[in-house]
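# Tertiary structure, described
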Amino acid sequence: MSITSSFARIISTFMNESLADMIRVESMEDDRTLVLKDGTLLSMILLEGALKTPGQDEIADMVERLRIALSPYLSSPGHVISLTFIRDPSAAKREISSLVERTGRAARSLGLDIEDVLAERERVLSRRMVSETCLVSIFSRPDVMSGEEADDARKKAGEVTKKSPVMAQAHSFTKVMDAVFTRHQALAEAVNRSFRIVGQLSRILTVTEALQEMRAALYPSTSPQKAEWQPRLPRWAGETVSAPAAVMMPETEAQMRGRDFSHLFAPSFDLQLATEDCFVENSRTVRIGDRIFSAFDMTLAPETLPDFDELVLDVTSKSNEIPWRCTLQIESGGMHSQALKATFLSIFTFANPIHNRRIREAILALREIDGQMDTVVKFRMSFATWAETSKGDVLRRNAQILNGAVQRWGNSRADGVSGDQLATTLATVPGISMASTAPVAAAPLSNALAMGPIARQASPWKHGSVLFRTDDGKTWPYQPGSSKQTTWVTLLVGTPGSGKSVMMNAINFASAISPSTAGGKDPVLPRIAIIDIGPSSSGMISLIKEALPANRRHEVLFRKLRMSREDAINVFDTQLGMREPTANERTFLINFLTLICGDGTKPPSVAMRGLITACIDRVYEDLKDDKSPRRYLREDEREVDRALDEIGFEAHSETVWWEVVDVLAENGRLYEASIAQRHAVPTIADLVTASQTDQVSSLYASARDPETDQPIMNAFQRMISEVVRDFPILSTYTRFSIGSSRIVSLDLMDVTASGAGPTARRQTAIMYMLARQILTRDFFLDEAEFRSKVNVGVLPSLYLEYHVERARQNLQLPKILCMDEFHRTGKIEMVCDQILQDAREGRKFNVDIKIASQLIEDFPQSIVEIVSSLIVCNAGSENSINYFDRMYGLSEAERYSIRNHLTGPSARGAPVWAMFRLKDEGTVRQRLILTLGPAEIWAFSTTAEDVVLRSRLYEEIGPRLTRQVLARRFPGGSAKAEIEARIAQMEEQGQRVGENERGDVLGALVEDLKRQAFLMENV
């Protein structure tokens, strides 16, 4: 301990300053400006962090921009900027609990019982995440004024004070000088604006918020609930002044005699903050409230210029459970602080010529820099950690770890013992005072800024049903489909094994239980349509399905499509009662038939596209009520026949299906009406007849394909006939229906073709388009369009109220279209055109589109350009990284991160590089980690062995118990290593291992897990 520190401690003890005395904050001037006891003004900025994960080049650019902006204010006396960084794991537990509880409330309001999943999520994330707060306190002392200004200001303040009542313990309104206030406001706005310009998420806090942050730092146990505490502001601070409900009676002699009116007003802020006991226990420990603190100062500035993130990582590497904070104080007058030292060195150089000459040369170098290349400032740093009062050994260990990390940080030095432990601890509390026990160092402003916490990552979302984290554990919430984005088009990229499908499942699950989907009179799940090849989404679907009450499980559906007439889907179906398609459905039909009439590599000719459009319009026109509608045939649909009998309708030989549809709808039998309408609308086979009508053939009979010179009419009819023959699923009226299901996943494995050839790509694309149509028929409903269809006679008026109500309800709820394995469609133009149209209209209809593929090159450039979110689990190759660079302009740090950090899921979680385009904050680009609990990983896993094991156990013991036993036995989320180990053991024993033997291994593991599950249930 230095002599100066010892002297400071003796003086402090002698003066016996209370905690309230050491807290210098007293009153306020406006809603964002606090006033200290000496008239110094204070504003506080919440620096949430960088919206782009910065590399060294980006940090250097950020520092230079900040230096340029702040140099004018720090080149003259009076201003102090203090950066306080607080990292608290215990606060994170409450923060995560709050975020999870918010999701839990939404899930419960939707009728979902996922308490076990959410409890596990809270438990897992609480061990890996920490809460971070970075605050910038800006002080402006009265000495920012010139001598003449100061004299005039003091004179005016004295006159006001004489006329004002004495309020010794209440808010004072006589200490603020106009000139100081004007300069202070300019500095606060400049600092905040500078941070935002360099890509930081920041804002100036209100007085209430600033005081809440001070109190949370003074008493860390209150940090998780800091917003619940409300300070008493002076009555004159509000827009309107009202009489208080009650006032305190006078207590002191001065109050009794009318010489002090403090009891009539709100107490000053120092008294409101100093509400707990405070005393020094020893030279290393001070107790404040229910926590003990150990604090120390940096006594020797770093030898090299360190990165603040290195300090965080160093502390975190030793333990993620250490709460700590530090304050970096920067103020003007760096060269003034060195003036006396330079004078003495010039006199006493002979005492130690080499050492003193080097110091003198360093001071001269700073003098050369000051005002030319940079501004030399004074800076100092203090650090503190804390623990519960009963855990002194934990505090000592934490202090040793923190002190060691600081000393390794740029080879700086720190004293383990402070001269005044309380003063040093309070020096790390943001905003309460400018006092510091740390020795002063001088440095260029750019170097001082570079040492500060200005490159931390930040999420623009306050809440989110997806909880990412940064490399060092900072919570990073993300809310899919939020109002922060103007459109919702998300691309997910990752090669097999990168965690792409698990990421997709996690985001879809988060969307299903999102708070934004809840809150209505009745629990209504969002509409989620998933198109996949394989069972990747089956686990997520099962998780939601089993969480619903038994009478609502039909709302969630996983179905594998088959290439059969029993699963037939008629793409010409229309909305109930509509005699022709909506504009969106018509566009889909044109794209779909253009795809059918192409060769899988390029679209057909312009003439063929014209023929397709003409046939679509003609086929609907010919089947309208007044043309050649289809006749009703009894026995075709028994449900329809039964409904007609029940309402007393007597059909005759001239009855047509459209008449049946209308009669059923009039009597409220909408379900039966929708079944009847399947027979009233055209089918794809009717296009051949439509092409032969005079209205169409007169235009296209002589048209020929420019490449093959074949008549397009013949080609069209041939291709339609081939589709009817080769695709039974398209050959007749609709028999497949998702019914009232709201979350639906269609597995296209059995209806798509493997391979990369044109024919395989064409078939896969056709099936993707077909699945998209059946799943999203109610996504793009426009009230205005329904009204216009009534006016032109396309929709009978009896259906208008029904469709208007549907359109309005649908508009309020989020809808998600999710397509996995997109590379299987081969970037066929018609598929891309359809997705592009859906993406462009998605905002209007509240539709969120998510598409996943293995490489970024799998997506057409037109879609890559309009994405609002991009999540990269793995780039795949250097060529792909170069493509990312061309499209999004990657920095070197981002290229390095995508190349080296995206290594796939591990015990730490699944690393990703993500980009989000937001309305207000601009583009956010971050390197993040998704961490899930074992049960969620098992529910979302797509690893072949794990899927088979999960499916077997689902059938044997049910989904919930399956997830519990698998999470207990395999907390890493996969049994693949166990299965491979058992097979390897068999091979070592000389046994032959074929498919049957592999099945035996899996069966034996299933039996083991069933026994374990039985024990778990009966414990």
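Just above, that's the structure.
Below or above, wherever it landed, is the structure these notes cover. (Residues numbered from 1 in each chain as written. Predicted model: local features only at pLDDT ≥ 70, side-chain atom pairs only at ≥ 80, totals over all residues. Heavy atoms only, no water.)

## Some details on the overall build of the protein chain
Counting its regular elements, the protein chain contains 38 helices and 24 strands. Taken over 1019 residues, the protein chain has a buried fraction of 57%. Pairs at least 24 residues apart make up 77% of the contacts formed inside the protein chain by residues separated by at least 6 positions. Accessible surface, the protein chain: about 43100 Å² in total, of which carbon and sulfur atoms supply 50%. (Helix = DSSP H or I, 4+ residues; strand = E, 2+ residues; numbered from the N terminus. Buried < 20%, exposed > 50% of the residue type's maximum accessible area, 1.4 Å probe, protein only. Contact = heavy atoms within 4.5 Å. Areas by Shrake-Rupley, 256 points an atom, 1.4 Å probe, with all protein chains shown as cover.)

## Considerations on helix α7 (residues 178–197)
Compared with an ideal rise of 1.5 Å per residue, which puts 20 residues at 28 Å, α7 spans 28 Å between its outermost C-alpha atoms and is within 8% of the ideal. Val-180, Phe-181, His-184, Leu-187, Ala-188, Ala-190, Val-191, Asn-192, Ser-194 and Phe-195 are the residues of α7 that are buried. Downstream of α7 by a residue or two, Gly-199 has a phi angle that is positive, lying close to 90°. (Expected span 1.5 Å × (residues − 1).)

## Section: the nonpolar core
Phe-592, Leu-593, Leu-748 and Leu-870 are the most contacted members of the largest nonpolar core, which totals 90 residues. In this structure, Phe-592 is in contact with Val-571, Leu-730, Ile-766, Met-769 and Leu-770, ignoring residues within four places of it in sequence. If you look at the next biggest cluster of nonpolar residues, it comprises 55 residues, including Leu-51, Met-129, Leu-543 and Leu-928. (Core = buried A, V, L, I, M, F, W, Y, C linked by side-chain atoms within 4.5 Å.)

## Re the side chain of Thr-475
With respect to the helices, strands and loops of the structure, Thr-475 is situated in strand β15 (residues 475–478). Every residue in contact with Thr-475, bar those within four places of it in the chain, is listed here: Glu-95, Ile-96, Leu-99, Met-129, Val-130, Leu-467 and Phe-468.

## Section: the sheet that holds strand β16 (residues 489–493)
The 11 strands lie next to each other as β15-β14-β24-β23-β22-β16-β21-β20-β17-β19-β18, forming an open sheet whose pairing is mixed. Each edge of the open sheet is held by one strand with a lone partner, namely β15 and β18 (556–560). Between one strand axis and the next, the sheet turns by 20° as a mean value, whatever way the strands run. Pairing between strand β17 (residues 527–532) and strand β20 (residues 815–819): 5 bridges, direction parallel. Paired with Ile-530 across the bridge in β20 is Cys-818. (Pairing = 2+ DSSP bridges. Axes fitted to C-alpha atoms, helices over the stretch in contact; angles between N-to-C directions.)

## Topic: the side chain of Lys-789
Looking at the secondary structure, you find Lys-789 in helix α28 (residues 783–791). For Lys-789, a relative accessible area of 13% corresponds to the buried category. Among the polar contacts made by the side chain of Lys-789, one reaches the side chain of Glu-580 at a distance of 3.1 Å. Not counting the four nearest positions on each side in its chain, Lys-789 is found in contact with Met-578, Glu-580, Pro-581, Val-794 and Leu-795. (Polar contact = N/O pair within 3.5 Å; in protein donor to acceptor, adjacent residues only side chain to side chain.)

## Remarks on unusual backbone geometry
One non-glycine residue with positive phi stands out, namely Asn-411, at about 60°. Along the chain, Asn-411 falls in the loop between α14 (392–408) and β12 (413–414). Judged by its relative accessible area of 36%, Asn-411 falls in the partly exposed class.

## Concerning the environment of Met-887
Counting through the fold element by element, Met-887 comes out in helix α32 (residues 878–888). Measuring from C-alpha to C-alpha, the distance between Met-887 and Gln-861 comes to 8.6 Å, with 26 residues separating the pair along the chain. Not counting chain neighbours up to four residues away, the residues in contact with Met-887 comprise Gln-861, Val-864 and Glu-865.

## What to know about the pairing of strand β24 (residues 922–930)
The element β24 is largely enclosed, with a buried count of 7 among its 9 residues. Pairing analysis gives 2 bridges linking strand β14 (residues 466–469) to β24, with the strands arranged antiparallel. Residue pairing in the sheet places Arg-469 in a bridge with Ile-929 of β24. Where strand β23 (residues 910–918) meets β24, 9 bridges bridge the pair, whose relative direction is antiparallel.

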